[in-house]
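Okay, here's what each chain looks like letter by letter:
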Amino acid sequence: MRKRLGCRLVLVVAAVVCVVIGLSGQALAAPFYAGNYRLPGYGVKADITTPSSMPTVTGGVAFNFVSNYDYGQYLQVGWVQGDGMTRAPDGIYWPTVPTSYEESRCNGNYFEVQYSAQQLNYTRTYEVVHIGSGTWQGIISSTPRYSFGPFTTPTQVEALTELAVSSQPHTRAAFTSVQYKGLYSYMPFNQNYERADNPPYASFSSYSNYTCYNGM
């Protein structure tokens, strides 16, 4: 009797472990990227445009953003579109239409906020910039948003498309006038750290002007 009960417990525990592993695998699936980055910088900004037709997003989330990157910590702003089933780490669903957002991981804390939808074939200027003492701020269409820190400064700055959870989501984002900030002023991206994981794909006309896409 005791042995049979033990077997049942083992089976139940095994089933729970399988479910947890399955969910963790989805949450921790390696993301896929396209775009360019610059090392180092005190800020980054770009005009990021939505496609002329609505992307079909299934099985994950598509992010199109500018960001700093400090050994796994970051602050990013851009536009995002999800499949209606995938949640951010804070439990909030990612939006099903292109929407401006801000996201950060800093000192063990996670933060995200979703702003207004970005209509199709429309451009918004996104910026992440150092504002002093290792603190960086997100700016969307010239409007300052939340600030986080401290980050190592200067650090790597990026303008990328990311497909999260899987490589299935469709997206298309034109990145134009991609610039990094030196100590005092902005300058066009000038380093060849171009990336395309195929998908997402990328078409480069220069280090600071390119389109990242998948399925569109």
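These numbers were taken from a predicted model, which means no experiment stands behind them. (Residues numbered from 1 in each chain as written. Predicted model: local features only at pLDDT ≥ 70, side-chain atom pairs only at ≥ 80, totals over all residues. Heavy atoms only, no water.)

**Notes on the overall build of the protein**
Here's step 1: For the protein, the count of helices and strands is 1 helix and 15 strands.
Here's step 2: Of all 216 residues assigned to the protein, the portion counted as buried reaches 43%.
Here's step 3: Approximately 10,700 Å² of the protein is accessible, and the part contributed by carbon and sulfur atoms is 56%. (Helix = DSSP H or I, 4+ residues; strand = E, 2+ residues; numbered from the N terminus. Buried < 20%, exposed > 50% of the residue type's maximum accessible area, 1.4 Å probe, protein only. Areas by Shrake-Rupley, 256 points an atom, 1.4 Å probe, with all protein chains shown as cover.)

**Focus on the pairing of strand S8 (residues 135–140)**
Here's step 1: Counting buried positions over the 6 residues of S8 gives 5, a clear majority of the element.
Here's step 2: Bridge count between strand S7 (residues 123–132) and S8: 6 bridges; the pairing is antiparallel. Across the sheet, residue Gly132 finds its bridge partner in S8, namely Thr135.
Here's step 3: Here S7 folds back onto S8, and the loop between the two strands holds 2 residues, one of which, Ser133, carries a positive phi near 55 degrees.
Here's step 4: Note that S8 and strand S9 (residues 143–148) share 4 bridges and pair antiparallel. The partner of Ile140 across the bridge, within S9, is Thr143.
Here's step 5: Between S8 and the antiparallel strand that follows it, S9, lie 2 residues; Ser141 among them carries a positive phi value of about 50 degrees. (Pairing = 2+ DSSP bridges.)

**Examining the packing of aromatic side chains**
Here's step 1: Considering all chains together, one arrives at 9 aromatic pairs under this definition.
Here's step 2: Each ring, one from Trp94 and one from Tyr101, has its centre 6.1 Å from the other, and the planes form 80 degrees; the classification is edge-to-face. Residues Trp94 and Tyr101 agree in their burial class; the two are buried.
Here's step 3: Members of the aromatic cluster, each reached through a chain of ring pairs, are Phe63, Trp94 and Tyr101.
Here's step 4: A cation sits over an aromatic face here: Arg145 above Tyr115, 4.2 Å from the ring centre.
Here's step 5: Directly above the ring of Tyr213 sits Arg172, whose terminal nitrogen or CZ lies 5.0 Å from the centroid. (Phe/Tyr/Trp six-rings, centres within 6.5 Å; stacked < 30°, edge-to-face > 60°. Lys NZ or Arg CZ within 6 Å of the ring centre and 35° of its normal.)

**Details of the nonpolar core**
Here's step 1: Counting 24 residues, the largest nonpolar core has Ile48, Val66, Tyr126, Val128, Phe175 and Val178 as the members making the most contacts within it.
Here's step 2: Looking at this core, the elements that each hand over two or more residues are strand S2 (43–49), strand S4 (74–82), S7, S8, strand S10 (155–164), strand S11 (171–181) and strand S15 (209–214).
Here's step 3: Among the elements that take part in this core, S11 stands out by supplying 4 residues, more than any other.
Here's step 4: Judged by nonpolar contacts, the second largest core, of 10 residues, contains Tyr33, Val80, Trp94 and Leu160. (Core = buried A, V, L, I, M, F, W, Y, C linked by side-chain atoms within 4.5 Å.)

**Some points on the confidence of the model for the protein**
Here's step 1: With 87% of its residues at a pLDDT of 70 or more, the protein shows a mean pLDDT of 89.
Here's step 2: Per-element confidence in the protein ranges from a low mean pLDDT of 31 for helix H1 (residues 2–27) to a high of 99 for S2.
Here's step 3: Overall, residues 1–28 carries pLDDT values under 50, and its contacts beyond four positions in sequence, including any with other chains, amount to 1 contact. (pLDDT = per-residue confidence, 0-100. Contact = heavy atoms within 4.5 Å.)

**Concerning the side chain of Gln156**
Here's step 1: Looking at the element boundaries, Gln156 is found in strand S10.
Here's step 2: In terms of polar contacts, Gln156 uses its side chain to reach the side chain of Glu158, at 2.8 Å.
Here's step 3: Contacts of Gln156, omitting those with residues within four sequence positions, involve Tyr37, Arg38, Leu39, Ser67, Asn68 and Tyr69. (Polar contact = N/O pair within 3.5 Å; in protein donor to acceptor, adjacent residues only side chain to side chain.)

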